[in-house]
Amino acid sequence: STYNNLFTGIETVFGMVYIVEFFILILSMSWGEYVSSASRIFDCFTTWLLFGVSLLYYLPVANVQAGLMHYANILRLLRLVRVLKSLKRLSKVAFMFKCVSTLLVSATDILQFLLVIVYVYASLGIQLFGGVLYQHNDDLEGTEYNELNYFAFNFNDLLSSCALWFVNLLSEYNAAFADGVHAALPDSYKFTWLLFPMFYFSVVILAFELVSAFTIETFVALTGDEPHSEDEEELAEAKPKEEVLTGLSKLAYELRTEKQLIFHYTLSAAAEQARVYEIMFLQKAKDKKHEEHEEHGEEDKHGESEHEHKSEENLYEAPENATQADLDKLRLVKEVFEMGCEVKRLDAEKRKLREEAEVIAADTGPEQLNESKMNKVQRAAWILEDAVQGKCFSWYPESLAARRTFLLLRKREFLYDRAIFVIFVLGFFEVPLWCDCSATFRLIPGKIRCNVTDGGIVYLSGLPQIPPGFCLMIELACMIVIWLKLRAEKKLQSKFFDKRNVTYVSRNFHVACYLAMFVSLWDIWIFATLRPSSRMSPYMRVVFMFCIPAVNALFRALIGILNEWLSVVSFWMGTVLFFAWIGVTLLDDNVSINPANVRVNQGFDTFGRALYTMFVASSSDDFINCFNPTFLQNRAYGLLWIWCLFLSNFLFLNLILAMIFETYKERFEKEIRSFQRNQAQSLKKVFSMVATTAEGEDEPTVSREDFFALISALAESPKTPSLDKNSIEYVYKAIDVDNNNTLEASEFESVIDSIQKTFWITQKYSVAERYFPGLYDRLCIKQMKRWVWDKDDTDQSKLDNIMNVVLLANTAVVVAESYYDINHISTYNNLF
């Protein structure tokens, strides 16, 4: 047709323009520089795809041509997103770009937390309501769920269950799902529909409001009203005193031990001679005592004891007739005696000193005091890795075995994270427990496994179902990985930290994970042998997920705001109860029919129904259906319901949001201060360990060699981004602001941000420039390079500005082509 030929030619021209742009970029920069940008990779893919699409006109198969061109047009429109980069020159647009990008990056943890909570309710919903909601179920006749054909939202598998709860999360409370479940369940299980109100209270107006509070707090922080941390002086106050005390204690122990050995050596050399002289003088003292006793006669016991004490004091005093040789011998005996007293004193302190040495070297024990120790760089790397996570501990072991155990734990944590992800994803592919799980290793389609006896149509998510035998094997392998990680944690804590009373690994979470692992192993064995209709493993998986630091932090934030939340929710529920009581009082006996042929007291005939009606009206946008029968009969009821909606839907629900925001903000500020304080303390500790004071300098600095050794030791951990020598060099240059080949304390503070980045090192200019230098000396090539590399204030090159105009023209062509295609215009005659 005329227009098809016209648009095909235009698209071919645009395709050639994009190819020219591609070659200009390739001739102006290296391939590594080109693919370092995700937008350029997408442009490259789209360029060659669009060029291929322009050739589809010549394909002999019409169906393939039409299908590929349809999807290519979508990609062509996606490419036009790059035009939005030019809008960054507008401050408001740039601010919104910053807000959206920051929220997308920062909201990962809180979205992960919400996903875990939805996973809990989805797993519980499968075990309670699996196989209940399906099409042609007689129990669902007359329900809103059946009339609105909500059959795709059900609890027949995990993905469908998550979709149902996700709709409830966004629509606050959807009474159609709760009514459908209540109608389809047997009478003995109808009370389980209360899971829906429970989800509303625990997730919609508690956890999901936390997302709103997080969004508000992030926006406030971006506008400059972010929470202020404490003064830098206060953050820098915490000095690593424990390290100094530990070092002094060890030094004192070594010196005292050396002194003790010297005394023992001296006594062993002079022991025999000293013993002879001591016996001689003791005998002289006894003779002198006997002579004095004969002269003065017997005395009372008290006087005798005093005399004996006085004689003992004069034991080593020289006799009146002593010669010079006797005086020399006496002096030697006194010296030896004093040394013996010192040895006795040191022996009394021996046990205390040994206990002190055991505490200091708690990681190895007294029998392994000579075991190899970490060097200062390895110990500093350990502290620095904890500082990245905002952790700071008063003491770290010095044993090299502790370092090896820590690295082993990091490797197992790396596998642990993937094992948690596997068991989380595994739940979406498991055969639901209400289905036929008898075929252990045989692959059977879900429609055959999951069917109902009355011939109803069961809607599933469409994901393939892995046979139960393979699922149990995968789950068992994940439990082994989890056990290895818990074992490494226990070894690190009990062997190296417990004797110093330092909690490096939380005991509560450690015990919880061990309990969850044993329950899961027991549940695997029970399910493998008995095939029960319910399992504990889905809930034990949630325990492992709550041990993830980000999820655990948000869970503690929820616990922290629970008291304030309960106070506001109590007022909200009191309002609901009050208006339910007023409604049932006014309408319980009014059985008249309104003009719509509906009973006026529909939903208010009993107090229980009135309470549920007021709850639905106060928690969702379905209040029109709740109040319409009474309002249609008498408009005066509108005054009553307006006050109810104002208090419950507007005042108290917004008050809940304000309360959660304020409480979350306080906890957020406290977490930020604690995180910054821990990082500052750990960084000071690391700097003091690796810094040295050069000759002629007053302040300690970190040399290039020590910095390289620190980063290399840090790279031993699998949780740290690996950096090669060139990358470390660039990190060092980026940190060393004054370019003096040493890092001061102020420069060293930025090391945490630098080691968490991924570096891409490549040549800047094209490899063709090195092989054809004469070609690049030409004026046109130089001008082309300036088009690519010279940027304006909005970080746009001249080539970018030219291509933005081309893209806008292409947009107009795509819109026109879509208009002619949608309206089936193929010739000029059809246009008019």
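Heads up: the structure comes first, above all this text.
Calculation rules
- Residues numbered from 1 in each chain as written.
- Predicted model: local features only at pLDDT ≥ 70, side-chain atom pairs only at ≥ 80, totals over all residues.
- Heavy atoms only, no water.
- Axes fitted to C-alpha atoms, helices over the stretch in contact; angles between N-to-C directions.
- Helix = DSSP H or I, 4+ residues; strand = E, 2+ residues; numbered from the N terminus.
- Left-handed = near helix turned anticlockwise from the far one by under 90°.
- Contact = heavy atoms within 4.5 Å.
- Nonpolar A, V, L, I, M, F, W, Y, C, P; charged D, E, K, R; others polar.
- Expected span 1.5 Å × (residues − 1).
- Buried < 20%, exposed > 50% of the residue type's maximum accessible area, 1.4 Å probe, protein only.
- Core = buried A, V, L, I, M, F, W, Y, C linked by side-chain atoms within 4.5 Å.
- Patch = residues over 30% accessible without salt bridge, like charges linked within 9 Å, V, L, I, M, F, W, Y side chains within 5 Å.
- Areas by Shrake-Rupley, 256 points an atom, 1.4 Å probe, with all protein chains shown as cover.
- Salt bridge = Lys/Arg side-chain N within 4 Å of Asp/Glu carboxyl O.
- Disulfide = S-S within 2.5 Å.

S.K.: How would you summarise the packing of helix α10 (residues 195-222) against helix α23 (residues 607-619) if you had to cite specific residues and measurements?
M.R.: Axis separation between α10 and α23 bottoms out at 13 Å; the angle between their running directions is 40 degrees. For the crossing formed where α10 meets α23, the hand is left-handed. From α10, P197, Y200 and F201 reach across to α23, where they touch F615, S618 and S619. In the contact of α10 with α23, the residues fall into four nonpolar, two polar and no charged.

S.K.: Would you mind going over helix α19 (residues 507-530) in detail, with residue names and values included?
M.R.: Its 24 residues place the ends of α19 34 Å apart at the C-alpha level, agreeing with the 34 Å of an ideal helix rising 1.5 Å per residue. Every buried residue belonging to α19 is among H510, C513, Y514, A516, M517, S520, D523, I524, I526 and F527, and all of these are buried. Where α19 is buried, its residues touch α16 (400-429), α18 (468-497) and α20 (537-546). Just past α19, the residue R531 takes up positive phi, approximately 55 degrees.

S.K.: If you had to explain the nonpolar core to someone new, which residues and values would you point to?
M.R.: Formed by 110 residues in total, the largest nonpolar core has its most connected members in W165, F196 and F544. Element by element, the count of residues in this core is highest for α10, at 14 residues. Those residues in contact with F196 that lie beyond four places of it in its chain are F129, F155, L164, W165, N168, Y173, F177, A178 and V181. Counting 45 residues, the second-largest nonpolar core is a separate cluster that includes W395, Y504, A691 and A713.

S.K.: Quick rundown of a nonpolar patch on the surface? Include the residues and the values.
M.R.: Residues M96, V100, L104 and V105 make up a contiguous nonpolar surface patch of roughly 410 Å² in combined accessible area. Looking at where L104 falls in the secondary structure, it is placed in helix α5 (residues 91-106).

S.K.: I'd like a rundown of the state of the cysteines, residues and numbers included.
M.R.: Enumeration according to the criterion identifies one disulfide in this entry. Disulfide partner of C435: C450, at an S-S distance of 1.9 Å. Taking the torsion about the sulfur-sulfur bond, which here is approximately 110 degrees, the covalent link between C435 and C450 counts as right-handed. In this pair, C435 is assigned in the loop between α16 and α17 (446-449) and C450 in the loop between α17 and α18, connecting sequence segments 15 residues apart. Pair check on accessibility: C435 and C450 agree, each one buried.

S.K.: Would you mind going over the pattern of salt bridges in detail, with residue names and values included?
M.R.: Overall, the coordinates contain 13 salt bridges when judged by the stated rule. Taking the shortest distance from any N to any O, the salt bridge between R541 and E475 comes out at 3.4 Å. A residue pair is termed long-range when its members are at least 10 positions apart, and R541 in helix α20 and E475 in helix α18 qualify at 66 residues. A salt bridge links E489 to K485, with the nearest nitrogen and oxygen atoms 2.8 Å apart. With E489 and K485 both in helix α18, this residue pair falls four residues apart, about one helical turn. Counted as one network, the salt bridges with shared partners bring together E430, E475, D523, R535 and R541.

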